[in-house]
Each structure stands twice: as structure tokens, then as C-alpha cells.
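Per-entry structural report
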Amino acid sequence: MRPTNGFDRGPSLTDGDGRGRRSLLSLSSSRVAAPVPQGRPVARPGQTTFPFADVSIGVITERTGEGDALIRELQKLRARPQHVWPVPATLPTGYDMLLCDLVEDLPTRVPWLPGEPESALVALVPKNAPFRPDLLRDTAAHGVLVLPVDPLTLQCTLALARDHFRYEQRLRGRIDKLDENLRNMRSVERAKSIIMHRKGMSEEDAYQFLRRQAMSKRVSIGAIANAIVDSLDLLG
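What counts and how
Residues numbered from 1 in each chain as written. Predicted model: local features only at pLDDT ≥ 70, side-chain atom pairs only at ≥ 80, totals over all residues. Heavy atoms only, no water. Helix = DSSP H or I, 4+ residues; strand = E, 2+ residues; numbered from the N terminus. Buried < 20%, exposed > 50% of the residue type's maximum accessible area, 1.4 Å probe, protein only. Contact = heavy atoms within 4.5 Å. Areas by Shrake-Rupley, 256 points an atom, 1.4 Å probe, with all protein chains shown as cover. Polar contact = N/O pair within 3.5 Å; in protein donor to acceptor, adjacent residues only side chain to side chain. Phe/Tyr/Trp six-rings, centres within 6.5 Å; stacked < 30°, edge-to-face > 60°. Lys NZ or Arg CZ within 6 Å of the ring centre and 35° of its normal. Axes fitted to C-alpha atoms, helices over the stretch in contact; angles between N-to-C directions. Parallel < 35°, antiparallel > 145°, perpendicular 65-115°, else oblique. Left-handed = near helix turned anticlockwise from the far one by under 90°.

1. Quick notes on the overall build of the protein chain
Within the protein chain, the secondary structure is distributed over seven helices and five strands. For the protein chain, the sequential pattern of α-helices and β-strands runs α-β-α-β-β-α-β-α-β-α-α-α. A burial count over the protein chain gives 29% of its 236 residues as buried. Residue pairs at least 24 apart in sequence account for 49% of intrachain contacts in the protein chain once pairs closer than 6 positions are excluded. Taken as a whole, the protein chain presents about 16,400 Å² of accessible surface, with 54% of it coming from carbon and sulfur.

Right, here's the structure in full:
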């Protein structure tokens, strides 16, 4: 019998039959690894990533040595560059990004309104070109590339231009939402006035009337208010 000295220490790693060692090893092998979060690829050491893979890029520059080198660098990034030349009267749409020579009348060739871009726009300027801050400001470009371009500068400029473009899009979405809310508020106030005049209700009762109508039809109060205002406009 094994001495206990007043307490039992349990199975030891040095038990003659090895049962204690096997039980601990089996316990450690039965542990389940922590699950890998879904939706985001796990980066492996030394693995090359291509953040611009399949990004459609319109390259509007002459096919000189510098222009060809730019297109080759974009292809190395696994982007989808498409050459356009000469500079069209209206810049093409449908691209994720546009890389265009900074010509004198470029601001008049941009097809979108300031603050409402349809593509990220990067201006291309030759190395010895003069600095034109007024032209860059009027063009509202998201970035500038000086030709010839090195790979690191190209990737940094593309990343910043794309982030700037997306930020503008988010701002435009918020502005559009605020404009819609203001229009709905005006419509609600006008609809309350119409209801108060036609039904002899108080302002609070008129609002509750709009609210009940919206709930019964499962639409917003603004939609009900717009319908009332539009109907009154049609009736004259």
C-alpha cells in the first residue's frame, strides 16, 4: 500500500503503470482549438496580399515609356487597368478609379458635381511639371502621382485616393439623409396645418392622426405627410 501521509496526492506522472501520464496526455489532446473568426482571411507569414486585385482602373495617359511602366505596375498589383487616349471630352464612368493626365481643362471634363464623385480620381503629372494648386483644387482629385512612379508611391497613392473617395461617399450619404429628414419635417408641418384646418383639430391631435395613419399603412409619417401635401397641391 502506498503511504498517504494524511492525504492522497492522486495519480503521479511516475506511476508504474503509466496510467497517470496517459490520462494527462489524453486530457490535453482532447482540448478543442479556439475557432477562427469567420469572414476575414487569416494572414500567413510571408504571404503576399493584393489589396487592389480586380479593381477596374481607367488609365488616361499617353503610351510613352512612363505610361507603359504605370500600366505594368498596375498589372503587377492584379488590378484591371484599361488604357484610354486621348483625354476624352468627358471622363468615362464605370471605373473604380481613374488615373488621368492633369490637362489644362480637366475640371470641365469631370462628369460629376463637386462632392459627388463617381470614381476615385488621381491626377498624373510629369516630374518636371510646374506646381498648379489652382488646377488641382478645381479638379477635386483624390490624389496625385508624379511620373515616372515607383511601386511604393503608387500603392500608397491608390490606397489614400480610394479611402478619400469612400469617405466622400459616406458624407454624401449622410447629407442626403439629412436633406430627406428636413424635407419630411417640412411636409409634416404642412400636413398638420392642412389637417388642423380641414378637421378642426389641435396641433397635437393632427400629429397623432398622421401617426395613426402611418402605423395602419406601415409607412413613415413623412410618406403620409407627403401624400397629403401632394393631394392638396393636385386639388389646387
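Still to come is the rest of the account.
2. Digging into the side chain of Thr61
Within the secondary structure, Thr61 sits in the loop between strand 1 (56–60) and helix 2 (65–76). Polar side-chain contacts of Thr61 include one of 2.9 Å to the side chain of Asp101. Those residues in contact with Thr61 that sit more than four places away from it in its chain are Gly67, His83, Val84, Trp85, Asp101, Leu124 and Leu147.

3. Quick look at the packing of aromatic side chains
Applying the stated rule across the entire model yields zero aromatic pairs. A cation over an aromatic ring shows up here: Arg78 above the ring of Phe50, its NZ or CZ 3.9 Å from the ring centre.

4. Some remarks on the packing of helix 2 against helix 5 (residues 151–199)
Interhelical geometry of helix 2 versus helix 5 gives an angle of 70° and a closest axis separation of 11 Å. In terms of their interaxial angle, helix 2 and helix 5 are classed as roughly perpendicular. Crossing angle aside, the handedness with which helix 2 passes helix 5 is right-handed. Counting all contacts with helix 2, which are made through Leu70, Glu73 and Leu74, the residues of helix 5 involved are Pro151, Leu154 and Leu158.

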